[in-house]
Amino acid sequence: MTELAYEDSPVAVREGLANAHRRAWRRLAAPGTWWSGPTRVAVAAEVRNAAACRLCRGRKETLSPYTLGGVHDSLGSLPESHVDVIHRIVTDPGRLSKTWLDDILASCLSDAEYVETVGVIVNVMAIDQFRRGIGMAPAPLPESLPGEPMRVRPRGAKPGAAWVPLLAPEDVTEAEADLYPDVPLITYVQRALSLVPEEARAYNAIGCEQYTPTGASWDFESRVREISYQQIELIASKVSVLNGCFY
Amino acid sequence: MDVSSDDGAVPHAALLIRFTEALITGDAAALDAAREEIVERMGAGALVDAAGVAGAFEGFTRIADAIGIPTETVKVEMTEDFRAGLGADSFTGARNVGDAPVRADAEAACWGTARVK
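Conventions and cut-offs
Residues numbered from 1 in each chain as written. Chains lettered and ligands numbered in written order. Predicted model: local features only at pLDDT ≥ 70, side-chain atom pairs only at ≥ 80, totals over all residues. Heavy atoms only, no water. Salt bridge = Lys/Arg side-chain N within 4 Å of Asp/Glu carboxyl O. Helix = DSSP H or I, 4+ residues; strand = E, 2+ residues; numbered from the N terminus. Buried < 20%, exposed > 50% of the residue type's maximum accessible area, 1.4 Å probe, protein only. Contact = heavy atoms within 4.5 Å. Buried area = accessible area lost by both parts, 1.4 Å probe. Nonpolar A, V, L, I, M, F, W, Y, C, P; charged D, E, K, R; others polar. Disulfide = S-S within 2.5 Å. Axes fitted to C-alpha atoms, helices over the stretch in contact; angles between N-to-C directions. Parallel < 35°, antiparallel > 145°, perpendicular 65-115°, else oblique. Left-handed = near helix turned anticlockwise from the far one by under 90°. Domains from an automatic or database assignment. pLDDT = per-residue confidence, 0-100. Polar contact = N/O pair within 3.5 Å; in protein donor to acceptor, adjacent residues only side chain to side chain.

Taken as a whole and assessed by the stated rule, the structure comprises 25 salt bridges over all chains. For the salt bridge of Arg 14 of chain A with Asp 49 of chain B, the shortest nitrogen-to-oxygen distance reads 2.7 Å. Placement of Arg 14 of chain A in the segment before helix 1 (15–29) and of Asp 49 of chain B in helix 3 (residues 44–67) is noted, with the two residues assigned to different chains. Classification of Arg 14 of chain A by relative accessible area gives partly exposed; the value is 27%. In this structure, Asp 32 of chain B engages Arg 35 of chain B in a salt bridge whose closest nitrogen and oxygen atoms are separated by 2.8 Å. You can see Asp 32 of chain B and its partner Arg 35 of chain B sitting in helix 2 (residues 28–42), 3 residues apart, about one turn around the helix. Given the relative accessible area of 42%, Asp 32 of chain B is considered partly exposed. A single salt-bridge network, built from bridges that share partners, covers Arg 27, Arg 40, Glu 116, Asp 178, Glu 198, Glu 199 and Arg 201 of chain A.

What follows is about the interface of chain A and chain B. Opposite the 64 residues of chain A that make contact, chain B presents 69 residues. Here chain A packs against chain B, burying approximately 6,000 Å² in sum over the two surfaces, 71% of which is carbon and sulfur. For the chain A face of the interface with chain B, the top three residues by lost area are Tyr 188, Phe 246 and Tyr 247 of chain A, together amounting to 14%. On inspection of chain A and its partner chain B, the count reaches 2 salt bridges. Secondary-structure elements contributing two or more residues to the side of chain A that touches chain B are helix 4 (80–91), helix 6 (111–134), helix 7 (188–191), helix 8 (197–210) and helix 9 (229–242) of chain A. Ranked by the residues each element gives to the side of chain A that touches chain B, the list is headed by helix 6 of chain A, at 12 residues. Class assignment of the residues belonging to the side of chain A that touches chain B gives a composition of 44 nonpolar, 12 polar and 8 charged.

Our next topic: the state of the cysteines. All names here are of chain A. One pass over the structure, following the stated rule, counts 0 disulfides over all chains. Take Cys 208: it sits in no disulfide, and the sulfur closest to it among the cysteines is that of Cys 245, at 19 Å. On the basis of relative accessibility, which here comes to 6%, the residue Cys 245 falls in the buried class.

Residue and element names in this part refer to chain A. Here helix 6 crosses helix 8 at 20 degrees, and the two axes come no closer than 9 Å. Judged by the inter-axis angle, helix 6 sits roughly parallel to helix 8. The hand of the helix 6/helix 8 crossing is left-handed. Between helix 6 and helix 8, the contacting residues are Glu 116, Gly 119, Val 120, Val 122, Asn 123, Ala 126, Ile 127 and Phe 130 on the first element and Glu 199, Ala 202, Tyr 203, Ile 206 and Gln 210 on the second. Tallied by class, residues from the contact of helix 6 with helix 8 come to 8 nonpolar, 3 polar and 2 charged.

Here the focus is the domain arrangement of chain B. Along its sequence, chain B is carved into domain 1 (1–67) and domain 2 (70–117). Computed from C-alpha coordinates alone, the two centres of domain 1 of chain B and domain 2 of chain B are separated by 25 Å.

This part is about the confidence of the model for chain B. In low-pLDDT regions, the fine details of the predicted coordinates are not to be read closely. Residues with a pLDDT of 70 or more make up 94% of chain B, whose mean pLDDT is 88. The complex prediction reports pTM at 0.95, with the ipTM value standing at 0.96.

Our next topic: the side chain of Thr 117 of chain A. Residues and elements named next belong to chain A. Summarising the element assignment, Thr 117 is placed in helix 6. Residue classification places Thr 117 among the buried residues on the basis of a relative accessible area of 0%. Of note is the side chain of Thr 117, whose polar atom sits 2.9 Å from the backbone oxygen of Glu 113. Residues contacting Thr 117, with those up to four places away along its chain left out, are Trp 35, Val 43, His 82, Val 85 and Ile 86.

To continue, consider the packing of helix 6 of chain A against helix 1 (residues 13–25) of chain B. Viewed as axis vectors pointing N to C, helix 6 of chain A and helix 1 of chain B meet at an angle of 125 degrees, and their least axial separation amounts to 10 Å. One element, helix 6 of chain A, and the other, helix 1 of chain B, form an angle in the oblique class. Judged by the sense of rotation from one axis to the other, the crossing of helix 6 of chain A with helix 1 of chain B is right-handed. Facing Gln 129, Arg 132 and Gly 133 of chain A of helix 6 of chain A, the residues of helix 1 of chain B in contact are Phe 19, Leu 23 and Ile 24 of chain B. Of the residues in the contact of helix 6 of chain A with helix 1 of chain B, the class split is 3 nonpolar, 2 polar and 1 charged.

Below, the structure written as structure tokens:
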């Protein structure tokens, strides 16, 4: 098993942050809710491969990313339709559309498989970019573990608010009781991956270490990290703009 | 505190923006320079946290846009004054807006300093 390490880091990495990354890497290798370990690791490899894809680069230049056909430069481990999903989310997330996703869901992936794919993508990107940011190379991907995915869908998930069904706090069962804090407002981004609760939990753990801890106040004068809340939101806004994200 | 004149109200804003831009666009030389400057002027802990936030939002932005979640109206109202300046109103996701999902039994909730419902 390849462990994600920070012993060689040029700067000291908080223990909680390093532990969150180690847990994410172990999860990446293991069977998920809908995908096997080998498929999850193959998705992660394709996330990294997308940056060099000529079709994706060509699409970035077009007025609409849906007008240019072709085949992705892929690693060959996943079906082309799955590769297309991964590459589009990695390289051009701001121009995804409901029509595009409806076609995907009608032809090649279930809604839950799609959500788990998104979960793997965001974990890998958050960790890889953190490491680049502090001057480290991306960690070697873990070797996948054998076993079957759980294939459990939350009973209370309902369509409506987003492009895929979400699990609202009032609809959680005992199995998802830990998913949300007991507060009157759970934002949509907190609910977004809830069709696959394991993915929602996993990214929440990353967010708590890399962004702000659960329950951190909106007091812009407060300091929960080595940088101020204002500085945190400045960086967050800049990333959002560069990715064409309105949310 | 060492703050340059182009930082506005946020200390080291220009440096943090340069760092973020270099990281997200993959400009290795600019990233090396900004990283070194952050450590020198703000400390190694600040570099860890800046890289952490940038990495986290590489994920959050993709979650929002891949899942097609609506932006809560309260958030849209709160950001009205600076959104246009960022060019964000022209983003595809700007068309996807919805009421904040406040729990049915709650009289009101807070989003930052704003009260919802």
